[in-house]
4 protein chains.
Amino acid sequence: MLNRVILIGRLTRDPELRYTPAGVAVTTFTLAVDRPFTNQQKEREADFINIVTWRQLAETCANYLRKGRLTAVEGRIQVRNYDNNEGRRVYVTEVIADNVRFLESSNSGGNREEGMGGGQAPSQGQQRYSGPRDNQDPFQDDGKPIDISDDDLPF
Amino acid sequence: MLNRVILIGRLTRDPELRYTPAGVAVTTFTLAVDRPFTNQQKEREADFINIVTWRQLAETCANYLRKGRLTAVEGRIQVRNYDNNEGRRVYVTEVIADNVRFLESSNSGGNREEGMGGGQAPSQGQQRYSGPRDNQDPFQDDGKPIDISDDDLPF
Amino acid sequence: MLNRVILIGRLTRDPELRYTPAGVAVTTFTLAVDRPFTNQQKEREADFINIVTWRQLAETCANYLRKGRLTAVEGRIQVRNYDNNEGRRVYVTEVIADNVRFLESSNSGGNREEGMGGGQAPSQGQQRYSGPRDNQDPFQDDGKPIDISDDDLPF
Amino acid sequence: MLNRVILIGRLTRDPELRYTPAGVAVTTFTLAVDRPFTNQQKEREADFINIVTWRQLAETCANYLRKGRLTAVEGRIQVRNYDNNEGRRVYVTEVIADNVRFLESSNSGGNREEGMGGGQAPSQGQQRYSGPRDNQDPFQDDGKPIDISDDDLPF
DNA sequence: TTTT
DNA sequence: TTTT
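Since the model is a prediction, treat every value here as computed from it, not as a measurement. (Residues numbered from 1 in each chain as written. Chains lettered and ligands numbered in written order. Predicted model: local features only at pLDDT ≥ 70, side-chain atom pairs only at ≥ 80, totals over all residues. Heavy atoms only, no water.)

## Quick look at the overall build of chain A
Here is step 1 of the chain: Regarding its fold elements, chain A presents one helix and six strands.
Here is step 2 of the chain: Order of helices (α) and strands (β) in chain A, N terminus to C terminus: β-β-β-β-α-β-β.
Here is step 3 of the chain: Per-residue burial for chain A yields a buried fraction of 58% across its 155 residues.
Here is step 4 of the chain: If you take every contact in chain A between residues at least 6 apart in sequence, the share linking residues at least 24 apart comes to 63%.
Here is step 5 of the chain: With the model as given, the accessible surface of chain A reaches about 6,500 Å², and the carbon-plus-sulfur share is 43%. (Helix = DSSP H or I, 4+ residues; strand = E, 2+ residues; numbered from the N terminus. Buried < 20%, exposed > 50% of the residue type's maximum accessible area, 1.4 Å probe, protein only. Contact = heavy atoms within 4.5 Å. Areas by Shrake-Rupley, 256 points an atom, 1.4 Å probe, with all protein chains shown as cover.)

Right under this line is the structure:
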């Protein structure tokens, strides 16, 4: 009934942009979110959380996000499952983002500007999508997005 | 750096209370969270999200939550992994709750009361835990909580 | 850059539905949100938070919400100010809701159904609006919504 | 019953640190949070939201936050009221923060580091306080924190 | 001006 | 398989 997630962390790799057969953009990346500091402080721990974005937001993320960038993500948890090649049911959890904020400019060095800097800030994650068109599961067993049937994609 | 989740849904089963070897309570349950309306509206879809609570909150959840109850959960996403018996790395995602609100009374029939009804409302989820003591992974491959080394549990 | 609020509480009164000159619906109500338990536990305390909804969501809220109902609200904080009749600047803070969940059915007695019960659940708060059309300030000095210029209302 | 706010914005001024008669630290500042894009895009609009932090978190914020810094705040909405000198009831809304993240380093120029930079990162907002000790109202009519009776402050 |  |  209500499902909201807000994360701040850093990209572990450059984002990956794919397209469904019908040409719908989907971008995936992983956010490393440091845990509140651990007891023994042995090693600094993080959760690695898979993020999925769709359509215009996917394009923007692919264009402007890069490995290591501090990023805020707003969205919802999606859990899907499939049976892998060994006939075993696998559960996959991702965050379907509908709002992404770039907290570090691309021109490293001076980042009093958030977003892309230079004042020519793009729409960068302003788009908010909700509803069925975000209900997809773009990852395969190997972690790469799959080809999604366009029947699943409303307008 | 920041990791916050808020969910409202219904328990798919009664909660399960376990104890670590040192006697720390951990309760797990699954929340069915209806998705915002789906495309063809074919069947009503939901995400099934695993929730973990610790200590006093675990005891309270075990005592008062039941299958089917409408419940609000606040916490953070935790991703852990382990190598299963086939030597395959498995990733598990759970929500470590630090705040649980009972939105339906136990006396089914009249539920204008939230919490436990009867006025003798317990502390019911008021406790907020943070820090390392919530950093555990109580589920096994089969979805049941494992026995957790108490070394991992600060105070 | 990011502004998100999630509340669960009870309506202090029936919601009020108004219309802008151009006929845009705006519904306002106040949510009583109990505070996490107070020190001396003298009296149970709550925060009374003003909520504003627009358009279809406003209509749905006006139709289905009533005084006392347990309700979840998702939205953003908006702060506006105006100079009152004494020439004093007054600051007003509201939550502009884009998602409202009815946690108690209207047919009091049996509420295993959320929303309106009876299966004929309406769209009830599924609509998510964002952007400038929510940037209005519908309250007057006396707490009643004002007539809003339709110039401020995009499509 | 549930009251959670997450904000990302910039300080409009340096934070102000005060102490209650009993020596409890309270720091206040205002966060400018840009609104999602405005109608005519005439001028860039923002909400100016008052933030209150207590105790250790107050000290940390006072030490490390400065005007203009990009900052994430997690907390809850608090609404209080008082009668001003003209005998008029005034309502004040603030966010009582229990988690503050410094998204820009203090050594302006190179801010790939979050927090305080230099590796000597302090505890910086890790502390999470809940319960009655955050239920205070440190602002006066003129926006400055008042002296708070220590009776109101549990331990 | 406040809800259960 | 992980970021600073």
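## Quick look at the environment of Glu74(D)
Residue and element names in this part refer to chain D.
Here is step 1 of the chain: Residue placement: Glu74 occurs in strand β5 (residues 70-83).
Here is step 2 of the chain: Residues Glu74 and Thr30, 44 residues apart in the sequence, show an inter-C-alpha distance of 14 Å.
Here is step 3 of the chain: For Glu74, the side chain forms a polar contact with the side chain of Arg4, separated by 2.8 Å. (Polar contact = N/O pair within 3.5 Å; in protein donor to acceptor, adjacent residues only side chain to side chain.)

## Focus on the packing of aromatic side chains
Residue and element names in this part refer to chain B.
Here is step 1 of the chain: Under the criterion given, the structure shown has four aromatic pairs over all chains.
Here is step 2 of the chain: A ring pair is formed by Tyr64 and Phe102, whose centres lie 6.3 Å apart and whose planes are at 40 degrees; its orientation type is tilted. In this pair, Tyr64 sits in helix α1 (residues 55-64) while Phe102 sits in strand β6 (residues 89-102), placing the two residues 38 residues apart along the sequence.
Here is step 3 of the chain: Given the relative accessible area of 28%, Tyr64 is considered partly exposed.
Here is step 4 of the chain: Using a relative accessible area of 2% as the deciding quantity, one classes Phe102 as buried. (Phe/Tyr/Trp six-rings, centres within 6.5 Å; stacked < 30°, edge-to-face > 60°.)

## Quick notes on unusual backbone geometry
Negative phi values dominate among residues other than glycine, just as trans dominates among peptide bonds.
Residue and element names in this part refer to chain A.
Here is step 1 of the chain: The phi dihedral of Arg55 falls on the positive side, at around 60 degrees, and the residue is not glycine.
Here is step 2 of the chain: By the element assignment, Arg55 lies in helix α1 (residues 55-64).
Here is step 3 of the chain: The class of Arg55 is buried, set by a relative accessible area of 19%.

## Quick word on helix α1 (residues 55-64) of chain C
Here is step 1 of the chain: By the burial criterion, the buried members of α1(C) are Arg55(C), Leu57(C), Ala58(C), Thr60(C), Cys61(C) and Ala62(C).
Here is step 2 of the chain: Elements that come into contact with the buried residues of α1(C) comprise β2 (16-19), β3 (25-34), β4 (46-54) and β6 (89-102) of chain C.

## Let's talk about the pairing of strand β4 (residues 46-54) of chain B
Residues and elements named next belong to chain B.
Here is step 1 of the chain: Among the nine residues that make up β4, seven are buried, leaving the element largely enclosed by the rest of the structure.
Here is step 2 of the chain: In the sheet, strand β3 (residues 25-34) pairs with β4 via nine bridges, with the strands oriented antiparallel. When the bridges of β4 are listed, Thr27 appears paired with Thr53.
Here is step 3 of the chain: With two bridges connecting them, β4 and β6 associate as parallel partners. The residue of β6 that forms the bridge with Ile51 is Val95. (Pairing = 2+ DSSP bridges.)

## Regarding the pattern of salt bridges
Here is step 1 of the chain: Tallying each qualifying case throughout the model produces 44 salt bridges over all chains.
Here is step 2 of the chain: In this structure, the salt-bridge partner of Arg4(D) is Asp98(D), at a minimum N-O distance of 2.6 Å. On the criterion of sequence distance, the pair formed by Arg4(D) in strand β1 (residues 2-11) and Asp98(D) in strand β6 (residues 89-102) is long-range, its members being 94 residues apart.
Here is step 3 of the chain: On the basis of relative accessible area, Arg4(D) is assigned to the buried category, the value being 4%.
Here is step 4 of the chain: Look at the salt bridges and you will find they share partners, linking Arg4(A), Glu74(A), Asp98(A), Arg4(C), Glu74(C) and Asp98(C) into a network. (Salt bridge = Lys/Arg side-chain N within 4 Å of Asp/Glu carboxyl O.)

## Here's the deal with the environment of Thr20(B)
All names here are of chain B.
Here is step 1 of the chain: In this fold, Thr20 is placed in the loop between β2 (16-19) and β3.
Here is step 2 of the chain: A residue is classified by how much of its surface remains accessible, and Thr20, at 3% relative accessible area, is buried.
Here is step 3 of the chain: In this structure, the C-alpha to C-alpha distance between Thr20 and Arg69, residues 49 residues apart in sequence, is 26 Å.

## Remarks on the confidence of the model for chain A
All names here are of chain A.
Here is step 1 of the chain: Per-residue pLDDT for chain A averages 76, and the proportion of residues at 70 or more is 65%.
Here is step 2 of the chain: Here residues 109-137 scores under 50 on pLDDT; set against residues more than four positions off or in separate chains, the count is 99 contacts.
Here is step 3 of the chain: This model gives residues 139-155 a pLDDT under 50, and the stretch forms 50 contacts once residues within four places in sequence are excluded. (pLDDT = per-residue confidence, 0-100.)

## Observations concerning the environment of Thr71(D)
All names here are of chain D.
Here is step 1 of the chain: Structurally, Thr71 is set in strand β5.
Here is step 2 of the chain: Here the alpha-carbon distance between Thr71 and Phe102, two residues 31 residues apart in the chain, equals 5.0 Å.
Here is step 3 of the chain: Residues in contact with Thr71, not counting those within four places in the same chain, are Leu7, Ile8, Gly9, Leu11, Leu31, Leu65, Val100, Arg101 and Leu103.
Here is step 4 of the chain: A distance of 3.1 Å separates a polar side-chain atom of Thr71 from the backbone oxygen of Arg69.

## Things to note about the pairing of strand β6 (residues 89-102) of chain A
Here is step 1 of the chain: Summarising burial for β6(A): eleven of the 14 residues are buried, a large majority.
Here is step 2 of the chain: Hairpin geometry of strand β5 (residues 70-83) of chain A and β6(A) is characterised by an intervening segment of five residues between the two adjacent antiparallel strands and by a positive phi of about 70 degrees at Gly87(A).

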